[in-house]
Amino acid sequence: MELKEKVYKALENVNDPELHKSLVELDMIEEVVLDGSEVMVNVSLTTIGCPMKAKMEEDIKREVGKLDEVTKVKVIFGEMSKEQKDKLIEKLHGKQKKAEPFKNTRVIAIGSGKGGVGKSTVTANLAVTLAEMGYKVGLIDADILGYSIPQILGIKDVKPMAIEGGFILPIERNGVKVMSMGNLVEGDQALIWRGPLLGGVLDQFMNDVYWGDLDYMLIDLPPGTGDVPLSLMQKLPKAEILIVTTPQITAANVAKRLGLMANKTNSKIIGLIENMSYFVCNNCGEKHYIFGKAEGEKLSKELNTTLLGEIPLVTGIREDSDKGVPSVIDLESEVGKVYKEIAKNLIETK
Ligand SMILES: Nc1ncnc2c1ncn2[C@@H]1O[C@H](COP(=O)(O)OP(=O)(O)OP(=O)(O)O)[C@@H](O)[C@H]1O
């Protein structure tokens, strides 16, 4: 094999750190120039300001440097032309993507009968749990006006990478690919958009974001069962509904409203998670069912669905969210074990 060919072979081992595909596959190697045993690799980036340049350079030098014939590796960066970017976008997006987003992905829309039950906290932690269990997971914060996912996952100040005229790369955190309106607006701007615009944002999140292949896409729906969550659900024809509730919410109330929403959108309610189910006393270690016991069980029967688990009321969960650290980083912790059980039950609902 000629040296140039060997260099290309070595470059197949270097991935774009954000697109997770090799630079060769992505046609990002503009050229390889040999000068005796010295190699110069010219890489075309999607944007010249790419923050991952240093990592790419290091990886290229390491992989090409492994070749016996090579004594020196030089890396230079340029920017892709508009045509090259278009080609890349098509390669990544695939032509079918727009017609059917999330073709091989289980889409789970997480809703609640009313606000403040911990839906976003549960969604974020469940996503991280699934990722830790080895699944490829995406998370769309469809609570566009009241986003809280960026805070819970500690990515409030992170902006997703946008490729000019093309698509957006989701933010990755704890193995989960995330898109939230909170990462697109400046600071804590209040949003006053109405229906059609909100729908447009969700369309973009689904169609213009490069999600790659995912096993699970969790969608954090806006609270309640009003028009906004309803119209979002209508855009996700293959989504299954997962309900987060707390014991004090009257079963009849939630059942009626969520049942109606599922009917209107022809979606299946795959399960229910009861949050803040009980409080474990620091002194006696006993479980106290402050808001009533077995309410989740009752509600799941009424909705003809499965109770996937009960999450305790733990001060640490709130503190973790305030700090922006998912509580399930350690799946062997008390909270981690509860989520792992819920994730296993969820997987089995298929
Ligand atoms: N199991 C729990 N133990 C203790 N605190 C919790 C628990 N679950 C959620 N919380 C806290 O409850 C508050 C509300 O949670 P969260 O924002 O996730 O609710 P939500 O249902 O998504 O709210 P909204 O629907 O209004 O967006 C947060 O402060 C969160 O940290």
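Residues numbered from 1 in each chain as written. Predicted model: local features only at pLDDT ≥ 70, side-chain atom pairs only at ≥ 80, totals over all residues.

Among the structural elements, Leu45 can be located in strand β2 (residues 38–45). The partly exposed category is assigned to Leu45, around which 19 C-beta atoms lie within 10 Å. When the C-alpha positions of Leu45 and Val254 are compared, they lie 50 Å apart, and in sequence the two are 209 residues distant. Ignoring anything within four residues of it in the chain, the contact list for Leu45 reads Cys50, Phe77, Glu79 and Met80. (Helix = DSSP H or I, 4+ residues; strand = E, 2+ residues; numbered from the N terminus. Buried ≥ 20, exposed ≤ 12 C-beta atoms within 10 Å, placed from the backbone. Contact = placed C-beta atoms within 7 Å.)

The assigned domain composition of the chain is domain 1 (3–80) and domain 2 (106–348). In this structure, domain 1 and domain 2 have C-alpha centres spaced 40 Å apart. Each side of the interface is counted separately: domain 1 has four residues, and domain 2 has four residues. The residue inventory of the side of domain 1 that touches domain 2, partitioned by class, reads no nonpolar, three polar and one charged. (Domains from an automatic or database assignment. Nonpolar A, V, L, I, M, F, W, Y, C, P; charged D, E, K, R; others polar.)

Let us now look at the site of the ligand. Among the 20 residues in the neighbourhood of the ligand, the closest are listed as Gly115, Gly118, Ser120, Thr121 and Pro223. Elements supplying a minimum of two residues to the shell around the ligand: α4 (119–132) and α10 (315–323). Broken down by class, the residue content of the shell around the ligand amounts to seven nonpolar, ten polar and three charged. (Near = placed C-beta within 6 Å.)

The next thing to look at is the nonpolar core. Counting residues in each nonpolar core, the largest one holds 69 residues, and the members touching the most others are Ile108, Ala109, Ala127, Leu139, Leu218 and Ile219. Apart from the residues within four sequence positions on either side, Ala127 is in contact with Val137, Leu139, Val176 and Leu218. Counting residues in hydrophobic clusters, the runner-up holds 17 residues, among them Ala10, Val14, Leu19 and Val43. (Core = buried A, V, L, I, M, F, W, Y, C linked by C-beta atoms within 7 Å.)

Further remarks concern the sheet that holds strand β5 (residues 137–141). Spatial strand order, β8-β9-β5-β10-β4-β11-β12-β15: eight strands in an open sheet with mixed pairing. With one partner strand each, in any of the chains shown, β8 (171–173) and β15 (307–310) form the two edges of the open sheet. Taken over all neighbouring pairs, the strand axes of this sheet differ in orientation by 25° on average, direction set aside. Where strand β4 (residues 106–112) and strand β11 (residues 240–245) come together, five bridges link them in parallel fashion. Following the sheet pairing, Gly111 is matched in β11 by Ile243. Along the sheet, α4 contacts β4, β5, β9 (176–180), β10 (216–220), β11 and β12 (269–274); its crossing angle with β10, the most-contacted strand, is approximately 170°. With respect to the sheet, helix α9 (residues 295–302) is in contact with β11, β12 and β15, its orientation differing from that of β12 by roughly 165°. (Pairing = 2+ DSSP bridges. Axes fitted to C-alpha atoms, helices over the stretch in contact; angles between N-to-C directions.)

Next up on the list: unusual backbone geometry. Notably, Asn266 is not glycine yet its phi reads approximately 60°, a positive angle. With respect to the helices and strands, the residue Asn266 is situated in the loop between α8 (251–265) and β12. Under the C-beta neighbour-count criterion, Asn266 is labelled exposed, with 9 such atoms within 10 Å. Of note in the backbone geometry, Met276 takes a positive phi value of approximately 55° without being a glycine.

It is worth spelling out the environment of Pro17 at this point. One can find Pro17 in the loop between α1 (3–11) and β1 (29–35). Distance from Pro17 to Asp59, taken between C-alpha atoms, is 9.9 Å for residues 42 residues apart in sequence.

With numbering matched to this structure, UniProt assigns "domain: MIP18 family-like" (unreviewed entry) to residues 4–75. From the first C-alpha to the last, residues 4–75 spans 15 Å; its make-up is 29% helix and 26% strand. (UniProt positions renumbered as here; feature names shortened; annotations may be inferred.)

All right, on to α10 then. By the burial criterion, the buried members of α10 are Ile317, Asp320 and Ser321. Mapping the buried residues of α10 onto a view down its axis gives an arc of 100°, with all of them on the same face. Those residues of α10 that are exposed and angled more than 90 degrees off the buried face are Thr315, Gly316, Glu319, Asp322 and Lys323. Residues of α10 that are buried make contact with α4, α5 (149–152) and α11 (334–348). Looking one or two residues beyond α10, the residue adopting positive phi is Gly324, at roughly 80°. (Arc of directions from axis to C-beta.)

Turning to the packing of α4 against α11, a few remarks are in order. One way to put it is that α4 packs onto α11 with a least axis distance of 9 Å and a crossing angle of 75°. With respect to α11, the axis of α4 lies roughly perpendicular. In this structure, α4 contributes Asn125, Leu126, Thr129 and Leu130 to the contact, and α11 contributes Tyr339, Lys340, Ile342 and Ala343. Taken together, the residues of the contact of α4 with α11 sort by class into five nonpolar, two polar and one charged. (Parallel < 35°, antiparallel > 145°, perpendicular 65-115°, else oblique.)

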